[in-house]
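Notes for the structure review
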Amino acid sequence: MKPESEKYNKVLEILRKSKPLLNSTEDIENKVVARISRIPGSEITLTGIIDFMFGWVYIGWVRRSMIAASMVLVMVFIYQQSVVLKRINYLNRQIVIIEGETTTTPADEIERRIMIYKLSGRILPSNRLIISEKQLDQLLESVTELQGKYKDLLNLIQEDPELKNYIEKKLKETDHTGIKL
Amino acid sequence: MIDIKLIEECQGGNFDNFRKLVELTSPFAYSIAFRMLGEEDQAKDIVQETMVTIWQKIRKIKSAGGYKTWIYRIVVNKCYDHLRKKKRHPEYAVDEQTWALISNIISEGPSAELENRETSQIISLLTNRLSPKQKAVFILSEIEEMSGDEISEITGMHKSVIKANLHYARKNISEMIEKYL
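How each quantity is defined
- Residues numbered from 1 in each chain as written.
- Chains lettered and ligands numbered in written order.
- Predicted model: local features only at pLDDT ≥ 70, side-chain atom pairs only at ≥ 80, totals over all residues.
- Helix = DSSP H or I, 4+ residues; strand = E, 2+ residues; numbered from the N terminus.
- Buried ≥ 20, exposed ≤ 12 C-beta atoms within 10 Å, placed from the backbone.
- Contact = placed C-beta atoms within 7 Å.
- Expected span 1.5 Å × (residues − 1).
- Core = buried A, V, L, I, M, F, W, Y, C linked by C-beta atoms within 7 Å.
- Domains from an automatic or database assignment.
- Axes fitted to C-alpha atoms, helices over the stretch in contact; angles between N-to-C directions.
- Parallel < 35°, antiparallel > 145°, perpendicular 65-115°, else oblique.
- Left-handed = near helix turned anticlockwise from the far one by under 90°.
- Nonpolar A, V, L, I, M, F, W, Y, C, P; charged D, E, K, R; others polar.
- pLDDT = per-residue confidence, 0-100.

What follows concerns the overall build of chain B. Per the secondary structure count, chain B includes nine helices and zero strands. Element order for chain B, N to C, with α for helix and β for strand: α-α-α-α-α-α-α-α-α. Counting every position in chain B, which comprises 181 residues, the buried fraction comes to 36%. If you take every contact in chain B between residues at least 6 apart in sequence, the share linking residues at least 24 apart comes to 66%.

As structure tokens, then:
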């Protein structure tokens, strides 16, 4: 043991033995009783409410648990925000923005756009049209299907001269002479 | 030893019984406050404030067992707050007279007993360079001889924090003793 450690221990030993003495408790008793008798009931109630609401901060493990819980909540919030942002970015990528004045678009894409323009009844604004890829595919699929059915119908009419004559007669009656069978 | 019956009677709002409780509690509350603050008047003020707090929260006490730890917690927290405020204006000067006093006491041997004033001088001198946290841990562990668990329960500090603060306090005080004694 080093000499300074011995001295340290001796000093501590003496300090431990010498317990500070309170000569008289009477003075403290009187002052305390005087103070507590002045405390109105409402103050005690207010203290009680504050203690009830925030008393947990004096309990170490509760305080630590609350800190941990708040950190977890913050982490969950950050994670949730990142998921939402990812989802928004994904949806953004799903949207096809068609610029009317774009010239670098491939030929089949232009054809598709012209078709959509025609299908929309030529009422779409010429500069911008926003549609998702999925919607676009559905639209093209139904147009192709419709065109196929139209061709089948024409073939049926061509094969049956009676039917053809009947339809031509009806078209003349309703003044739809522009349609050729 | 505090009797639970006395606490229950105080919970009923009886000033006379509370006076008795103050008489029983004040000496050890004063002892720790004095050791932590090193000033008689301030220690008495802390005891008074502690007793008022006890009166306001006495309804929370369910057993006599936890009463002493609870008192310690209130006293230590009040002293800690006081030290933190005081720490804003730190003053330190080498006090040769006190070092001579310590030297004399050590030479007297373990039978030496200190007066309150001497205890105050020595503790103030040894702990002057410590932070409030280190001082609190040093007093509770080295002078009051409390275990890490007890200190943790009283101060709300984690055991590792207590160990680190105690290590620093011991090192600092040993160095001072080595240098000046």
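What chain A contains, in helices and strands, is seven helices and two strands. Shown N-terminal to C-terminal, the secondary structure of chain A runs as helices and strands in the order α-α-α-α-β-α-β-α-α. If you take every contact in chain A between residues at least 6 apart in sequence, the share linking residues at least 24 apart comes to 57%.

This paragraph deals with helix α4 (residues 60-94) of chain A. Across its 35 residues, α4(A) extends 51 Å between first and last C-alpha, which sits within 8% of the 51 Å expected from 1.5 Å per residue. Among the 35 residues that make up α4(A), zero are buried, leaving the element largely open to the surroundings.

A few words now on the interface of chain A and chain B. Contact residues are listed per partner, giving 31 residues for chain A and 38 residues for chain B. Among the elements that line the side of chain A that touches chain B, the one with the most residues is helix α1 (residues 3-17) of chain A, at twelve residues.

On to the nonpolar core, then. Residue and element names in this part refer to chain B. Core analysis: the largest hydrophobic core is formed by 52 residues, its most contacted members being A33, V47 and V75. Per-element accounting of this core gives the leading share, ten residues, to helix α2 (residues 15-37). Counting contributing residues, this core receives three or more from each of domain 1 (1-91) and domain 2 (92-181).

With that settled, consider the packing of helix α1 (residues 4-11) of chain B against α2(B). Residues and elements named next belong to chain B. Put simply, α1 and α2 touch, their axes get as near as 8 Å, and they point 135 degrees apart. One way to sum up the angle between α1 and α2 is to call them oblique. At the point where α1 passes α2, the crossing takes the left-handed sense. Of the residues in α2, those touching α1 at L6, E9 and C10 are N17, F18, K20 and L21. Here the residues of the contact of α1 with α2 are counted per class, giving four nonpolar, one polar and two charged.

A word on the confidence of the model for chain A. All names here are of chain A. Counting all residues, the mean pLDDT for chain A is 78, and 71% of those residues have values of 70 or more. Mean pLDDT in chain A bottoms out at strand β1 (residues 95-99), which sits at 59, and peaks at α4, which reaches 91. In the predicted structure, residues 100-104 sits below a pLDDT of 50 and forms four contacts with residues beyond four places in sequence or in another chain.

Our focus in this paragraph is helix α2 (residues 26-38) of chain A. The first and last C-alpha atoms of α2(A) sit 18 Å apart over 13 residues, in line with the 18 Å expected at 1.5 Å per residue. Buried positions along α2(A) lie against α2 and α3 (40-57) of chain B.

Tracing the chain through its elements places H158(B) in the loop between α8 (148-155) and α9 (159-180). The spatial distance from the C-alpha of H158(B) to the C-alpha of G148(B) is 9.0 Å, given a sequence separation of ten residues.

Peptide bonds are mostly trans, and most non-glycine residues show a negative phi. Positive phi, close to 55 degrees, is recorded for E145(B), a residue that is not glycine. Topologically, E145(B) is positioned in the loop between α7 (132-143) and α8.

We now examine the environment of N92(A). All names here are of chain A. Among the secondary structure elements, N92 is positioned in helix α4. Given 9 C-beta atoms within a 10 Å radius, N92 is considered exposed. Note: C-alpha distance between N92 and S132 (40 residues apart in sequence) is 9.4 Å.

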